[in-house]
Structures are given as structure tokens and as C-alpha cells.
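Listed below are the residues making up each chain.
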Amino acid sequence: MSAEFQVNCSVLARIRWDAVQVLAANQSPLHEAFPLGYKQPIVPPLGTVFLVDAPESDIDVWLSRAADDSAEQRAANVQLLENVRTRGYSVLAAEPEVIRRHEAALSEFELSDRLPRHEREVRRATSELGAFLGSELVPGQTYDLASIVVPVPATPDQPTLTLRMTGMHPGASTDEVHTWISRLQQIAADVTVPAA
């Protein structure tokens, strides 16, 4: 699919409270910021796709990891999760500067010894993405997407995986975005996940 659409595609695995890139194919002319094996903390508002079938106890832990633990923000994160459950995908259409700050925080975190101050910075940078996640796709609009993520169906004894697409060209039409989402979901449905 990476070559088919000239995009970057990766498989992310949930390992405890990190999303780890375990497979990648990068055919986009746009740079892929993170190498194979990079870890990203699963912190609200990111990580919803990993939690679509998670027990309430995991969702409570995920919500507690947010930089902003206000009732209003908690409700917004719960709504975001419900939207992803209903739609079957997550899209991120953040402004380039917001994405750069988030990538810089993740890179610093990856190089660090995971001190609390590094994790706080990742949580703060991740919280900025909330306003750009989960937007409804409107016919006739164009989108500059940073990522599309879909869940890989699995049984409870299997690892939680997602498929992610990045490196899409700017100004994509709604129909084109739906095509990308459908193709990702088709591939996800065909994935055979080995038992853990």
C-alpha cells in the first residue's frame, strides 16, 4: 500500500503504555520523522485506536495519563474515544508547527532516560493535538493530514496493533481520504495476528 499511494505505512504495537513502531514501509516523498522501533507514550488524546476494545480499567488508566485532568478535558477524551469506536479510524490534521513541537518532544523523550520532566513535556505536547484529532470528514473539503490510524482486529490474547499512514500529500480530497481509510481497514481486516 505504501508504494500504491506513495505514502508511509507502519504497524504500531501497544507494549504496556507505549506505541512501538514494529514494521514500516516508507514510499512517500515526505519525510518520516520516526525510525523503526521508536516508542511513543500512549497519552490522551493519542492512543484511542489502541483502546477501542479495551476494558474500562485500561481506559481509566489512559484518561489518568492526560496532561489536563479536568472534568471537561476528560469528557472530551471520552468523546474522542467514542468517535473513533464509531468511525473505526482516527485522523490527525494538525498544523505543521504543532506537529514539529510534538515530534521534538518525542525525540527528546526517546533519547532520555524517561525522567518525569521528559514525560511531562511529551504529555504537554500531546495535549496540543487534541483540537486536531477526530474531525468529521466533510464532502468537498480538502485535508492536510499528518496521520490516519486504524485498529487491527484481535482477540483478547493477542497483541494490540494498529496500522498507521503518514506522508500523504497536502490538499487531499475527502474522497481520497476515504479511499486511504478504506484501504487501511481492508488490510487491517486481513492481518493474522499471532497469539501473544
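Note that this is a predicted model, so its numbers are computed, not measured.

A. Representation of the overall build of the protein chain. The number of helices and strands found in the protein chain is 6 helices and 8 strands. Across the protein chain, helices and strands are ordered from the amino to the carboxyl terminus as α-β-β-β-α-α-β-α-α-β-β-β-β-α. For the protein chain, with 196 residues in total, the buried portion stands at 45%. Considering only intrachain contacts with a sequence separation of at least 6, the fraction spanning at least 24 residues in the protein chain is 63%. Only carbon and sulfur atoms are counted for the fraction: they give 53% of the accessible area of the protein chain, which is about 10,000 Å².

B. Up close: the sheet that holds strand β4 (residues 90-92). The sheet built from 6 strands is open, its strands ordered β3-β2-β1-β7-β6-β4 with antiparallel pairing. Here the strands that pair on one side only, and so sit at the sheet edges, are β3 (39-41) and β4. Across the sheet, the axes of successive neighbouring strands diverge by a mean angle of 25°, strand direction being ignored.

C. Region of interest: the environment of E103. Looking at the element boundaries, E103 is found in helix α4 (residues 96-111). For E103, a relative accessible area of 27% puts it in the partly exposed group.

D. Structural view of the environment of D53. With respect to the helices, strands and loops of the structure, D53 is situated in the loop between β3 and α2 (56-64). Sequence-wise, D53 and A154 are 101 residues apart; in three dimensions their C-alpha atoms are separated by 9.2 Å.

E. Fine view of the pairing of strand β2 (residues 18-26). Pairing analysis gives 8 bridges linking strand β1 (residues 8-15) to β2, with the strands arranged antiparallel. Bridge pairing links I15 to D18 in β2. Following β1, the chain reverses through 2 residues before pairing antiparallel with β2; R16 in that reversal takes a positive phi of roughly 55°.

F. Examining unusual backbone geometry more closely. Here P44 and P45 are connected by a cis peptide whose omega angle stands at 10°. Structurally, P45 is set in the loop between β3 and α2. Positive phi outside glycine occurs at Q6, with the angle close to 55°. Looking at the element boundaries, Q6 is found in the loop between α1 (2-5) and β1.

G. Structural detail: the pattern of salt bridges. For the coordinates displayed, the defined rule picks out 8 salt bridges. Among the ionic pairs, R85 bridges to E82, the shortest N-O distance being 2.6 Å. With a gap of 3 residues between them, R85 and E82 both fall in helix α3 (residues 71-87), about one helical turn apart. A salt bridge links R124 to E121; the shortest N-O distance between them is 2.5 Å.

Cut-off values and rules
Residues numbered from 1 in each chain as written. Predicted model: local features only at pLDDT ≥ 70, side-chain atom pairs only at ≥ 80, totals over all residues. Heavy atoms only, no water. Helix = DSSP H or I, 4+ residues; strand = E, 2+ residues; numbered from the N terminus. Buried < 20%, exposed > 50% of the residue type's maximum accessible area, 1.4 Å probe, protein only. Contact = heavy atoms within 4.5 Å. Areas by Shrake-Rupley, 256 points an atom, 1.4 Å probe, with all protein chains shown as cover. Pairing = 2+ DSSP bridges. Axes fitted to C-alpha atoms, helices over the stretch in contact; angles between N-to-C directions. Salt bridge = Lys/Arg side-chain N within 4 Å of Asp/Glu carboxyl O.

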